[in-house]
Amino acid sequence: MTGIMIRTEELDVSYGTKPVLEAISIAVKEGSFIGILGPNGCGKTTLLRALSRIIDPDAGSVYVGDREIDGYSIRELATIVGAVPQETAVTFDFTVEEIVQMGRHPYLGRLSSMSEEDYAICRHAMEITNTAYLAGSLITEISGGERQRVLIARALAQTPRVLLLDEPTSHLDINHQIEVLSIIRGLVPEVTVIGVFHDINLAAYFCDTVVLMERAHIAAVGTPAAVITDRNIREIFGVDMIVRTHPITGRPYVVPRYDSGPPVDHPLRVHVVCGGGTGGETLYALRAAGHEVTAGVLSANDSDCTAAEGLGIRVIREPPFAPISHHSLEEYSAILSASDAVIVTGMSVGPGNIDNLRELKCHARPRIFLLSSDGTGGADQDYTGGEATAILDGLLENGAERIGSVPDLVNRLAALRADPA
Ligand SMILES: Nc1ncnc2c1ncn2[C@@H]1O[C@H](COP(=O)(O)OP(=O)(O)OP(=O)(O)O)[C@@H](O)[C@H]1O
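An unreviewed UniProt entry annotates the chain as Cobalamin import ATP-binding protein BtuD of Methanofollis fontis. A UniProt comment under Catalytic activity (unreviewed entry) is attached to the chain, and it reads "an R-cob(III)alamin(out) + ATP + H2O = an R-cob(III)alamin(in) + ADP + phosphate + H(+)".

Caption draft 1: Up close: the domain arrangement of the chain. For the chain, the domain assignment lists domain 1 (4-256) and domain 2 (269-418). On a C-alpha basis, the centroid separation for the pair domain 1 and domain 2 is 49 Å.

Caption draft 2: Molecular detail of unusual backbone geometry. Between Val 188 and Pro 189 the backbone carries a cis peptide bond, its omega angle lying at 10°. Locating Pro 189 in the fold gives a position in the loop between α6 (174-187) and β9 (192-196). Backbone torsion omega between Gly 296 and Val 297 reads 5°, so that peptide bond is classified as cis. The residue Val 297 is located in strand β15 (residues 292-299) in this model. A positive phi angle, close to 45°, is found at Glu 10, a residue other than glycine. Relative to the helices and strands, Glu 10 is located in strand β1 (residues 4-15).

Caption draft 3: How the structure looks around the sheet that holds strand β17 (residues 341-345). On the basis of which strands lie adjacent, the open sheet formed by six strands has the order β16-β15-β14-β17-β18-β19 and parallel pairing. Sheet topology places β16 (314-318) and β19 (401-403) at the edges, where each strand pairs with a single neighbour. Ignoring strand direction, the axes of neighbouring strands in this sheet form an average angle of 20°. Relative to β17, strand β14 (residues 269-273) is paired through four bridges, and the arrangement is parallel. When the sheet's bridge partners are listed, Val 272 is paired in β17 with Ile 343. In the packing of helix α10 (residues 280-288) onto the sheet, contacts are made with β14, β15, β17 and β18 (367-371), and the angle to β15 comes to roughly 160°.

Caption draft 4: Main features of the nonpolar core. Grouped together as the largest cluster of nonpolar side chains are 69 residues, with contacts concentrated most on Ile 36, Val 100, Val 162 and Leu 164. Ranked by residues supplied to this core, first place goes to helix α5 (residues 144-157) with seven residues. Apart from residues no more than four positions distant in its own chain, Ile 36 is found in contact with Lys 44, Leu 47, Ile 194, Gly 195, Val 196, Phe 197, Val 211 and Met 213. Formed by 44 residues, the second largest nonpolar core is a distinct cluster that contains Val 293, Ile 316, Val 342 and Val 349.

Caption draft 5: Examining the site of the ligand more closely. The environment of the ligand is formed by Tyr 15, Val 20, Gly 38, Asn 40, Gly 41, Cys 42, Gly 43, Lys 44, Thr 45 and Thr 46. With three residues, the single largest contributor to the shell around the ligand is helix α1 (residues 44-51). Across the shell around the ligand, the residue classes tally to three nonpolar, six polar and one charged.

Caption draft 6: The arrangement of the packing of helix α4 (residues 116-128) against α5 in detail. The geometry of α4 relative to α5 is characterised by a closest axis approach of 8 Å and an angle of 145° between their N-to-C directions. You can see that α4 and α5 cross each other, and the crossing is right-handed. Facing Ile 121, Cys 122, Ala 125 and Met 126 of α4, the residues of α5 in contact are Ala 153, Leu 156 and Ala 157. A per-class count over the contact of α4 with α5 returns seven nonpolar, no polar and no charged.

Caption draft 7: Focus on the pairing of strand β13 (residues 252-256). Where strand β12 (residues 241-245) lies against β13, five bridges are found, and the strand directions are antiparallel. By the bridge assignment for β13, Val 243 is matched with Val 254. Between β12 and the antiparallel strand that follows it, β13, lie six residues; Gly 250 among them carries a positive phi value of about 75°.

Caption draft 8: The arrangement of the sheet that holds strand β10 (residues 209-214) in detail. Taking strand neighbours across the sheet as the criterion, the six strands line up as β7-β8-β9-β4-β10-β11 in an open arrangement whose pairing is mixed. The sheet is open, and its two edges are formed by β7 (81-84) and β11 (217-222), each paired on a single side. Strand after strand, the sheet turns through a mean of 15° between neighbouring axes, direction not considered. Strand contacts of α5: β7 and β8 (162-166), with the helix running at about 175° to β7, the strand carrying the most contacts.

Caption draft 9: The arrangement of the environment of Ser 299 in detail. Mapping Ser 299 onto the fold places it in strand β15. A residue is classified by how many C-beta atoms lie within 10 Å of it, and Ser 299, with 21 of them, is buried. Counting along the chain gives 105 residues from Ser 299 to Ile 194, while the straight-line C-alpha distance between them is 42 Å. Ignoring sequence-local partners within four residues, the contact set of Ser 299 consists of Cys 305, Glu 318, Pro 320, Phe 321 and Gly 352.

Caption draft 10: Helix α13 (residues 354-361), seen in detail. Within α13 the residues assigned to the buried category are Asn 356, Leu 357 and Leu 360. The buried residues of α13 occupy an angular sector of 90° when projected down its axis, which confines them to one face. Contacts made by the buried residues of α13 are with β14, β15, α12 (326-338), β17 and α14 (387-397).

Rules used in this analysis
- Residues numbered from 1 in each chain as written.
- Predicted model: local features only at pLDDT ≥ 70, side-chain atom pairs only at ≥ 80, totals over all residues.
- UniProt positions renumbered as here; feature names shortened; annotations may be inferred.
- Domains from an automatic or database assignment.
- Helix = DSSP H or I, 4+ residues; strand = E, 2+ residues; numbered from the N terminus.
- Pairing = 2+ DSSP bridges.
- Axes fitted to C-alpha atoms, helices over the stretch in contact; angles between N-to-C directions.
- Contact = placed C-beta atoms within 7 Å.
- Core = buried A, V, L, I, M, F, W, Y, C linked by C-beta atoms within 7 Å.
- Buried ≥ 20, exposed ≤ 12 C-beta atoms within 10 Å, placed from the backbone.
- Near = placed C-beta within 6 Å.
- Nonpolar A, V, L, I, M, F, W, Y, C, P; charged D, E, K, R; others polar.
- Left-handed = near helix turned anticlockwise from the far one by under 90°.
- Arc of directions from axis to C-beta.

Pasting the structure below:
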C-alpha cells in the first residue's frame, strides 16, 4: 500500500460527445475525509461514478490501492469501495433490513447464506446509522431522510475501506446532518471517505481536504482553510460570500453577503458611529436601502467592524485596543464633512471611543440622528464621567433627532432623500 488509497490519472469522462471530466488527477490519502465541492453540473457525481467504476473513462486511469480499478472483479471491488448514490429512490418493496443485508452480498458465495457474523455486521451498521428501529419497514414507506440513512447503513454493511458519498445529507434535517456526518467522520481513519457536498460549511467542518471543482476541472485542492476563500468562492460559484474563521472550530465558514437593495436615485451618504454590536442591523438596513454607508472609527476587533467589512462598507478602523489615531480622526472628520447624515447608535462610550463624539460635536453640518431602542438617544453606558452624555444632550439641543428603531430610521432617511430641506 502506498498510503494513497484512491487516485486518478488524467481522467477524461464524457456523456456522448459532451466532455464532463477533463484530465482529472487527484490522490486521496488512506484514512482521510475528502469533500468535493463545486457548482451544479461541474462533474462531482461523475467523478464519484468513475471512482466506483459505474462509468468508464474515455482516457486516463483510476487506481484503488496499488491496482488499476479495472483489475478488480465487481465482487472484490464491492468489498473495498462502498457507494451511497445521490438518487435515493428505491421502488421495490424490500424491508430496510433486507436492503442493509444487500451490503453483505459481495462476501457471500453463490449458494451460501448469511452467517452470524454477517447479521452482526448489518445490525451494527443499522445501529450506528440509527436505522435499527426501521428494520421491518418497507423502504418505499419511509421518509427520504430515513432512506438516506438506510443506504448509508447498506454501504457500511459492505465494510468498505473507501466510502463514496454523493450529497450524503441532502435529505436530512440539521440534527441528522450533523449526526450522520459525525458517524461518517468516526469511521475515519479506518475508512477513507470521499463525499460530494453542497453545504460548504459542513465540508469545511468535517473534511480534512477539500477539492473544489469547476466545469470538468479541479480548481483547487487543499485544507478547508486554503481552499474555502472568498476569492475562490466568488470565482467558482459566482457569489460574494463572507468567509470567516469559526471562533470555536478554527475552520472556515461562509455566510452570504446579501445583495444591497436596488440602486436608488440620489443615495444619501450616511455615516454610522457605532460599536459593540449596536451597529450591525443599522449598517445592513441602510446599505439595503441603497445609501452610501460608511462606519467608524471602530476597533478592528469590534463586531460592528466585522459586520461593516462583511457588508463591504468602508470603515475607519484602528488596531485592537489602540486609541483613535490622529490619522483616523482626520479621515473621520473628512467623511463627516461629506456626509448627508450621521447616525449615532446607543453604544457604550468610554475613553476608547469618546473621540468619535468629540469630533462630531465640531461638525454641525450633517443631519445627526441618535438611534437608541429606548428612544432617548442616549448612550447605553457612559464611562466618560458624563462627557458623552453631555455631548449627546448638546447635539439634541442643536437639532439632532432621536430615533427609536432601525425601520423608523430607514423611513426617516427615505423622507430626507425625497425632501432634503
Ligand atoms: N447520464 C447523463 N447523460 C448525459 N449528461 C449527463 C448525465 N449525467 C450527468 N450529465 C451532465 O454532466 C454534467 C455533470 O453532471 P454531474 O451530475 O457529474 O454534475 P454535479 O457536479 O454532480 O452536479 P450537481 O451538483 O447538480 O449534482 C452536467 O452537465 C450534467 O447535465
